[in-house]
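Okay, here's what each chain looks like letter by letter:
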Amino acid sequence: MGTSRIKAKTSVCAIALSLAACGGGDGGNVGQAGPVAGGGTPTPSPVAGSATLPGGSNTTFANRTAVAGLGHSFGFSSGINAMVAQFAGGAAAGDIDNDGDIDFFVARGDLAPNLLYLNQGGSFLESALTAGLAYTIDGTSTNGAHSGPTFGDLDGDGDLDLLLGGLEGGPIKLFTNNGSGRFTDATAGSGFDSASAEQTISIALGDYDADGDLDVLMAHWGTPRNPTVPGETETLWRNDSAGGNISFTPVSSTSGVAGLLDFDLPQGVLGPNYDYTFAPGFADIDGDRDLDILMVSDFRGSKVLVNNGNGTFSASAFTPDDENGMGAAIGDFDNDGDFDWFVSSINGNRLFENTGGGNFLRNSASGVEPGGWGWGSCFADFNADGWLDIYQTNGWEAGKSPTASNYVDDVTRLWMSGGDGTFTDAADASSIAETDQGRGVLCDDFDNDGDVDAILLTAEPTGSIYYWENQLSGANSVKIRLRGRAPNTFAVGAIVQLTIANTTQTRLVSVNSNFTSHNSTTQIFGMGPNTGGGLRVIWPDGSETIEPNVNAGDVLEITQP
């Protein structure tokens, strides 16, 4: 696409409960879409492909890994559980130096230093050592075994900090950003220094208690549990930071989360009494303006937990039926105003369609279920037609022959939406197919041209990354960056809607796990053949901002009033 023009916007109209306060009719269409602050769940009205947003054609991708300066190895030392060493690691995406483009961090095992790839506008500069993130144990030569790196403003000072899960009882680490992309180890006294979970695989961030700061949700596959009395599982951490002092408290037991997860899974490969959670996520699935929990788990243990609005959770009436949940994507694939849930699995992917009230319906006609041995996945509109597509990576096990596993040469899937609730695998046609041992994925506009690219991390010992640059040309899209009030300065939990005629796209600003990895909080809306629309932002506190006229090519930075 052409050069984007940046329009920094403050509130055009900010309201708490009703769009009527704006007056006039310019934002009428936008104001009618989706959940209203303090209200209930709107009745879903799926919109099929129409004259407004017809399903688009495939795009193509180019492998720009070497050209962009990317390339690294992957591996853990012999002290790591052999199965965990096959899938742990991951990446986090975000603008860590506030220069307007998306950087990313990679945890690639403890045999080599971590990596921080700073975006140089078309290429990347590895800068972990300079940033203070290469070695997590002593800062100079010894790296820890980590998984699920996560960027978020955990101290509320306007920049992205870094949280790293620990493996084999190793430390969970917290690094704070000084505002220029340099980091300081702030683990001591944070509460994470007292964590005891054996494995922390993936992490999500969200303000579940609506107090304005970011709380933490963790997945701990491979950690022993007592199913009868699970105790404090360190799954949910409440942010109690105040006065510049970072403090997190584990509240899995008091919130009810620990008792609602399933730790009695006799089919589990390690035995029945283990935590098999893989990919955590926060989303308001019932339209009541608080964040619920979607937890993907191996061995039929995935769960939907509904926020009671008082710091506790209850089990949803919906029981997911994914076979072996691995990765996840949360988004409004059918453009009906609520958040659906894609779960990657082992030849049993599921696309769960939100039906309101915290319930889902398995969309068995979607075409995405036979997906091989799935891992990381993401929703993104790769062809900018206004409908979310799905990128999913696959494979098991690295280093084994095809006679030992049916999934050694498992092919990546690129599920392209038809705009009617069905998807078609276009990985080959889009030149993004490969057969390496894929694990984590990032889906973001890394080259700043207005379309969504993909980064794939593999469990291969060498050549462990792919950078797939989207070659889409002439498409119409809008890019949105939000600046929220401190301490939630990236407005995690906000909802952004773009309305074009009779169709509204709804996006959640989130830091949710795709599987050991997460996308940035920047939102990109495809517009199909259209060049204009109306934008609505529902901030985490329920106030709203209306931008009645946005145009294709706009890059808007919207500040919470």
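Residues numbered from 1 in each chain as written. Predicted model: local features only at pLDDT ≥ 70, side-chain atom pairs only at ≥ 80, totals over all residues. Heavy atoms only, no water.

1. A look at the overall build of the chain
Step number 1: For the chain, the helix and strand inventory stands at four helices and 39 strands.
Step number 2: Put simply, the chain has 561 residues, and 64% of those count as buried.
Step number 3: Long-range contacts, defined here as pairs at least 24 residues apart, represent 59% of the contacts in the chain between residues at least 6 apart.
Step number 4: When the accessible area of the chain is evaluated, it comes to approximately 17800 Å², of which 48% is carbon and sulfur surface. (Helix = DSSP H or I, 4+ residues; strand = E, 2+ residues; numbered from the N terminus. Buried < 20%, exposed > 50% of the residue type's maximum accessible area, 1.4 Å probe, protein only. Contact = heavy atoms within 4.5 Å. Areas by Shrake-Rupley, 256 points an atom, 1.4 Å probe, with all protein chains shown as cover.)

2. Here we look at the pattern of salt bridges
Step number 1: The full count for this structure, using the stated rule, is 15 salt bridges.
Step number 2: Here Arg350 ties to Glu323 by a salt bridge, and the two come within 3.9 Å at their closest N and O atoms. Of this pair, Arg350 sits in strand β24 (residues 350-356) while Glu323 sits in the loop between β21 (313-315) and β22 (328-331); the two residues are 27 residues apart in sequence, bridging distant segments of the chain.
Step number 3: Residue classification places Arg350 among the buried positions, given a relative accessible area of 6%. (Salt bridge = Lys/Arg side-chain N within 4 Å of Asp/Glu carboxyl O.)

3. Describing the state of the cysteines
Step number 1: Going through the model one piece at a time under the given rule, you end up with one disulfide.
Step number 2: Across the disulfide, Cys378 is cross-linked to Cys443 (sulfur-sulfur distance 1.8 Å). Here Cys378 and Cys443 share a disulfide; its torsion about the S-S bond, -55 degrees, makes the bridge left-handed. Of this pair, Cys378 sits in strand β26 (residues 374-380) while Cys443 sits in strand β30 (residues 438-444), and the two are 65 residues apart along the sequence.
Step number 3: Residue Cys378 is classed as buried on the basis of its relative accessible area, which comes to 1%. (Disulfide = S-S within 2.5 Å.)

4. Remarks on the packing of aromatic side chains
Step number 1: Evaluation of the coordinates by the stated rule reveals 32 aromatic pairs.
Step number 2: A ring pair is formed by Trp373 and Tyr407, whose centres lie 5.3 Å apart and whose planes are at 70 degrees; its orientation type is edge-to-face. Here Trp373, found in the loop between β25 (359-362) and β26, pairs with Tyr407, found in the loop between β27 (389-394) and β28 (413-417); they are 34 residues apart in sequence, far enough to count as distant. Of the two residues, Trp373 and Tyr407, both sit in the buried class.
Step number 3: Through successive ring pairs, a cluster of aromatic residues spans Phe87, Trp221, Tyr274, Tyr276, Phe278, Phe299, Trp373, Trp375, Trp396, Tyr407 and Phe515.
Step number 4: A cation over an aromatic ring shows up here: Arg507 above the ring of Phe525, its NZ or CZ 4.6 Å from the ring centre. (Phe/Tyr/Trp six-rings, centres within 6.5 Å; stacked < 30°, edge-to-face > 60°. Lys NZ or Arg CZ within 6 Å of the ring centre and 35° of its normal.)

5. Regarding the environment of Leu205
Step number 1: Of note, Leu205 is situated in strand β12 (residues 202-206).
Step number 2: Excluding residues within four positions of it along the chain, Leu205 makes contact with Thr150, Phe151, Gly152, Leu154, Leu214, Asp215, Val216, Phe282, Val492, Val511 and Asn512.

6. So, the sheet that holds β12
Step number 1: Within the open sheet, the four strands sit side by side as β12-β13-β15-β16. Their pairing is antiparallel. A single partner strand is all that each edge strand has here, and the edge strands are β12 and β16 (248-250). Averaged over all pairs of adjacent strands, the angle between their axes in this sheet comes to 25 degrees, without regard to strand direction. (Pairing = 2+ DSSP bridges. Axes fitted to C-alpha atoms, helices over the stretch in contact; angles between N-to-C directions.)

7. Some details on the side chain of Asp447
Step number 1: Tracing the sequence through the fold places Asp447 in the loop between β30 and β31 (453-458).
Step number 2: Lys479 provides the closest opposite charge to the buried, unpaired Asp447, separated from it by 7.1 Å.
Step number 3: Sequence-distant contacts of Asp447, defined by excluding residues within four places in its chain, comprise Asp453, Tyr467 and Glu469. (Lys, Arg positive; Asp, Glu negative; His and termini not counted.)

8. As for the sheet that holds β28
Within a sheet, adjacent strands bond to each other through the backbone by hydrogen bonds, running parallel or antiparallel.
Step number 1: Overall, antiparallel pairing links the four strands, which are arranged β26-β27-β28-β29 in an open sheet. Of all strands in the sheet, those with a lone pairing partner are β26 and β29 (423-425), marking the two edges. Ignoring which end each strand starts from, the neighbouring axes of this sheet average 20 degrees apart.
Step number 2: Two strands pair when backbone bridges link them, and β27 and β28 are joined in this way by three bridges, in the antiparallel orientation. Residue pairing across strands places Gln392 opposite Arg413, the latter belonging to β28.

9. Describing the confidence of the model for the chain
Step number 1: For the chain, the average pLDDT comes to 90, and 90% of its residues sit at 70 or higher.
Step number 2: Confidence drops under pLDDT 50 across residues 1-5; counting only partners more than four residues distant or on other chains, this segment forms 13 contacts.
Step number 3: Low pLDDT (under 50) marks residues 8-49, which in the prediction has 100 contacts with non-local residues, meaning those over four places away or in another chain. (pLDDT = per-residue confidence, 0-100.)

10. Considerations on the pairing of strand β18 (residues 277-283)
Step number 1: The buried count for β18 comes to seven of seven residues, which makes it a mostly enclosed element.
Step number 2: Pairing of β18 with strand β19 (residues 292-297) involves six bridges; the strand directions are antiparallel. Among the inter-strand pairings, Thr277 is bridged to a residue of β19, identified as Ser297.

11. Considering the nonpolar core
General note: in soluble globular proteins, nonpolar side chains tend to be found buried as a group.
Step number 1: If you look at the biggest cluster of nonpolar residues, it comprises 34 residues, and the most contacted ones within it are Leu116, Phe151, Leu163, Phe192 and Val216.
Step number 2: When residues of this core are sorted by domain, at least three fall in each of domain 1 (66-478) and domain 2 (479-559).
Step number 3: Excluding its chain neighbours within four sequence positions, the residues that come into contact with Phe192 are Leu163, Ile172, Leu174, Val216, Met218, Trp237 and Phe248.
Step number 4: Counting residues in each nonpolar core, the second largest holds 22 residues, with Phe76, Phe87, Leu265 and Phe515 among its members. (Core = buried A, V, L, I, M, F, W, Y, C linked by side-chain atoms within 4.5 Å. Domains from an automatic or database assignment.)

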